Amino acid sequence: SQQGEEDPQALSIQEGENATMNCSYKTSINNLQWYRQNSGRGLVHLILIRSNEREKHSGRLRVTLDTSKKSSSLLITASRAADTASYFCATDGRLNRDDKIIFGKGTRLHILP
Amino acid sequence: EPEVTQTPSHQVTQMGQEVILRCVPISNHLYFYWYRQILGQKVEFLVSFYNNEISEKSEIFDDQFSVERPDGSNFTLKIRSTKLEDSAMYFCASSYRSYNSPLHFGNGTRLTVT
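Residues numbered from 1 in each chain as written. Chains lettered and ligands numbered in written order. Predicted model: local features only at pLDDT ≥ 70, side-chain atom pairs only at ≥ 80, totals over all residues. Heavy atoms only, no water.

Draft legend 1. Representation of the state of the cysteines. Residue and element names in this part refer to chain A. A full pass over the atoms with the stated rule returns two disulfides over all chains. In this model Cys 23 forms its disulfide with Cys 89; the gap between the sulfur atoms is 2.0 Å. The S-S bond linking Cys 23 to Cys 89 shows a torsion near 65°; that makes this disulfide right-handed. You can see Cys 23 sitting in strand E3 (residues 19-24) and its partner Cys 89 sitting in strand E9 (residues 85-92), a full 66 residues away along the chain. We note that Cys 23, like Cys 89, is buried. (Disulfide = S-S within 2.5 Å. Helix = DSSP H or I, 4+ residues; strand = E, 2+ residues; numbered from the N terminus. Buried < 20%, exposed > 50% of the residue type's maximum accessible area, 1.4 Å probe, protein only.)

Pasting the structure below:
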């Protein structure tokens, strides 16, 4: 299975601190994506990093990808209360007709005021 | 910004009944997906759909499930005879391309089977 597994399962930090979440996966991927889910809502795409990229930035988000270790990290800098949510990594095997994106179990991030 | 819409937001049904969950994907998207999430747990892939046929399905997507795109806008998931364990949030998603393209999710339908 190419399923990603996030680590830690839950994370609580003070507002203003940086939050780092990790994701490991098992098989070759076309790209890896990070999504956020607020409670009771759908998933919102945050960032996509292709298998030939090592780092990508979007605002306060920084994503790294190490295909040799089959791992990725999501860093949220200067966290805010509104960042409280669950964060999922998703592995995209849709190349080679594997037409699905598989999500991990997620990291529940709680930003303390 | 265009968005994926799902109806109803909450569906309560009795075990053994049929339910149809409806989705309107983003209009220029070509690839459609259903996922489900049992409360507080992981988001599970059910099925992908392209060019009016299923392109991939998971082991969860057994004969009780079916999908259809009856017209140019709606994408539906039917569960023929619901079971208690079908209770979950069901999310529809769409994407423009088949790869290197993010999924756009609806806000889900909470299905409760009693």
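Moving on from the model shown.
Draft legend 2. Fine view of the environment of Val 4 of chain B. Residues and elements named next belong to chain B. Locating Val 4 in the fold gives a position in the segment before strand E1 (5-7). With 72 residues separating them along the chain, Val 4 and Thr 76 place their C-alpha atoms 13 Å apart. The residues touching Val 4, leaving out its near neighbours within four places in the chain, are Cys 23, Val 24, Pro 25, Ile 26, Cys 92, Ser 94, His 104, Phe 105 and Gly 106. (Contact = heavy atoms within 4.5 Å.)

Draft legend 3. Representation of the sheet that holds strand E6 (residues 55-58) of chain A within the structure. All names here are of chain A. Strand order in the open sheet made by the five strands is E1-E3-E8-E7-E6, with antiparallel pairing throughout. Sheet topology places strand E1 (5-7) and E6 at the edges, where each strand pairs with a single neighbour. Pairwise comparison of adjacent strand axes, ignoring direction, gives a mean angle of 20° for this sheet. Judged from the three bridges that link them, E1 and E3 form a sheet pairing that is antiparallel. Opposite Asp 7, over in E3, you have Asn 22 as the bridge partner. (Pairing = 2+ DSSP bridges. Axes fitted to C-alpha atoms, helices over the stretch in contact; angles between N-to-C directions.)

Draft legend 4. Seen up close, the interface of chain A and chain B. Taken residue by residue, the interface counts 26 residues in chain A and 22 residues in chain B. Summing both sides of the interface, chain A and chain B together bury roughly 1900 Å²; the carbon and sulfur share of this comes to 49%. Counting the contacts that link chain A with chain B gives one salt bridge. We note a salt bridge from Lys 100 of chain A to Glu 56 of chain B, for which the minimum N-O separation is 3.0 Å. Taken together, chain A and chain B are joined by seven residue pairs in polar contact (both at pLDDT 80 or more). Residue assignment for the side of chain A that touches chain B shows that the elements contributing at least two residues are strand E4 (31-37), strand E5 (43-50), E9 and strand E10 (101-103) of chain A. Looking at the side of chain A that touches chain B residue by residue, the class counts come to eight nonpolar, nine polar and nine charged. (Buried area = accessible area lost by both parts, 1.4 Å probe. Salt bridge = Lys/Arg side-chain N within 4 Å of Asp/Glu carboxyl O. Polar contact = N/O pair within 3.5 Å; in protein donor to acceptor, adjacent residues only side chain to side chain. Nonpolar A, V, L, I, M, F, W, Y, C, P; charged D, E, K, R; others polar.)

Draft legend 5. The layout of surface pockets, seen in detail. Empty space within the largest pocket amounts to approximately 400 Å³. Contributing to the lining of the largest pocket are 18 residues, with Leu 43 and Val 44 of chain A together with Glu 3, Phe 105 and Asn 107 of chain B lying nearest its centre. Mapped onto the lining of the largest pocket, the elements with two or more residues apiece are E5 of chain A together with E1 and strand E10 (104-105) of chain B. It is E5 of chain A that contributes the most residues to the lining of the largest pocket, three residues altogether. (1 Å grid on protein atoms, 1.4 Å probe; cavity = no way out; pocket = protein on both sides within 12 Å on 5 of 7 lines; lining within 4 Å. Points joined across faces, edges and corners; volume = space filled by probe spheres on them.)

Draft legend 6. Summary view of the pairing of strand E8 (residues 71-76) of chain A. Residue and element names in this part refer to chain A. By the criterion of burial, E8 is predominantly enclosed, with five of the six residues buried. Of the strand pairs in this sheet, strand E7 (residues 61-66) and E8 are connected by six bridges, and their pairing is antiparallel. In the strand pairing of E8, Arg 62 is matched with Leu 75. The turn joining E7 and E8, which pair antiparallel and follow one another in sequence, is formed by four residues; a positive phi near 50° is taken by Lys 70.

Draft legend 7. Layout of the confidence of the model for chain A. Considering every residue of chain A, the mean pLDDT works out to 91; 92% of them sit at 70 or more. Within chain A, the lowest mean pLDDT, 82, falls on E1 of chain A, and the highest, 98, falls on E7 of chain A. (pLDDT = per-residue confidence, 0-100.)

Draft legend 8. How the structure looks around the sheet that holds strand E7 (residues 65-68) of chain B. Residues and elements named next belong to chain B. A sheet is described by the order of its strands in space; here four strands give the open sequence E1-E3-E8-E7, paired in antiparallel fashion. The strands lining the two open edges of the sheet, one partner per strand, are E1 and E7. Strand after strand, the sheet turns through a mean of 20° between neighbouring axes, direction not considered. Note: strand E3 (residues 19-24) against strand E8 (residues 75-79), five bridges, orientation antiparallel. Along E8, the bridge assignment pairs Leu 21 with Leu 77.

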